[in-house]
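Descriptive structure summary
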Amino acid sequence: MNIRQMISQRSEELRGVADLPPQRVAEILIELSSLLASINAHIAEKKYIYNVLLDMKLTELGVASKAKISAQASTEWKEMNEAELQKEALEETIRSGKYFLRAKEEEWRGTR
């Protein structure tokens, strides 16, 4: 199972967060935080590959704007962009899970 599939699986489980016990939500958040570190490394590799391509395009075309447009039409840019978007979505999922846990904690404290 790759990183994307693991993130997708955990995110899918969090969609039913109202039905999950807070302990399970916390466990999923720990897993997602670990996956965030992995996706950061993945993004760094994708950026490197894209920048190598961009450098080749600049050497080939001689004009930075043309090189950038040409490089952004590549699968390397597409993969890098998808990884960055997935990171943003993952960060938002983690924030939402933390917010849920805080709300549950406040609810628990209010019932004591």
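Please refer to the structure higher up on the page.
Now for a description of the structure that goes with this document. Model, not experiment: these values are computed from the prediction. (Residues numbered from 1 in each chain as written. Predicted model: local features only at pLDDT ≥ 70, side-chain atom pairs only at ≥ 80, totals over all residues. Heavy atoms only, no water.)

Quick word on the nonpolar core
Filter applied, for reference: For the purposes of this section, nonpolar cores are sets of buried Ala, Val, Leu, Ile, Met, Phe, Trp, Tyr and Cys residues that join through side-chain atoms within 4.5 Å. The rule is simple: take the accessible area with a 1.4 Å probe, protein chains only, and divide by the maximum for that residue type; under 20% is buried, over 50% is exposed, in between is partly exposed. Where helices and strands are cited, they refer to DSSP runs of H or I of at least four residues and of E of at least two residues respectively, numbered from the N terminus. It only takes one pair of heavy atoms within 4.5 Å for two residues to be counted as in contact.
Leu 14, Val 25, Leu 32, Leu 90 and Ile 94 are the most contacted members of the largest nonpolar core, which totals 13 residues. Residue assignment for this core shows that the elements contributing at least two residues are helix H1 (3-14), helix H2 (22-61) and helix H4 (75-110). The element that contributes the greatest number of residues to this core is H2, accounting for 7 residues. Beyond its immediate stretch of four places on either side in the chain, Leu 32 contacts Ile 7, Arg 10, Leu 14, Leu 90, Thr 93 and Ile 94.

Some remarks on the packing of H2 against helix H3 (residues 64-72)
Quick reminder of the rule: To obtain an axis, a line is fitted to C-alpha atoms, over the contacting stretch when the element is a helix, and the angle between two such axes runs from 0 to 180 degrees between their N-to-C directions. Small angles under 35 degrees read as roughly parallel and large ones over 145 as roughly antiparallel, with 65 to 115 read as roughly perpendicular and the rest as oblique. Handedness of a crossing follows from how the near helix is turned relative to the far one, being left-handed for an anticlockwise turn of less than a right angle and right-handed for a clockwise one. For this classification, the nonpolar set comprises Ala, Val, Leu, Ile, Met, Phe, Trp, Tyr, Cys and Pro, the charged set comprises Asp, Glu, Lys and Arg, and every other residue, Gly included, is treated as polar.
At a minimum axis separation of 8 Å, H2 and H3 run at an interaxial angle of 135 degrees. Judged by the inter-axis angle, H2 sits oblique to H3. The two elements H2 and H3 cross, and the hand of that crossing is right-handed. Taking contact as the criterion, the partners of Tyr 50, Leu 53, Leu 54, Lys 57, Leu 58 and Leu 61 in H2 are, on H3, Ala 64, Lys 66, Ala 67, Lys 68, Ser 70, Ala 71 and Gln 72. Classifying every residue of the contact of H2 with H3 by side-chain character gives 8 nonpolar, 2 polar and 3 charged.

Regarding the pattern of salt bridges
Inclusion rule: One speaks of a salt bridge when a side-chain nitrogen belonging to Lys or Arg is within 4 Å of a carboxyl oxygen belonging to Asp or Glu.
According to the stated counting rule, one finds 12 salt bridges in the structure shown. One salt bridge in this structure joins Glu 82 and Arg 4, with 3.6 Å as the shortest N-O distance. Taken together, the positions of Glu 82 in helix H4 and Arg 4 in helix H1 put the pair 78 residues apart, joining distant regions of the chain. Owing to a relative accessible area of 36%, Arg 4 belongs among the partly exposed residues under this scheme. Glu 82 is the salt-bridge partner of Lys 78, the closest N and O atoms lying 2.8 Å from each other. Linking Lys 78 with Glu 82, this pair stays in helix H4, spanning 4 residues, or about one helical turn. By relative accessible area, which is 47% here, Lys 78 ends up partly exposed. With a relative accessible area of 30%, Glu 82 lands in the partly exposed category. A cluster of three or more residues bridged by salt bridges with shared partners is formed by Arg 10, Glu 13, Arg 24, Glu 27 and Glu 31.

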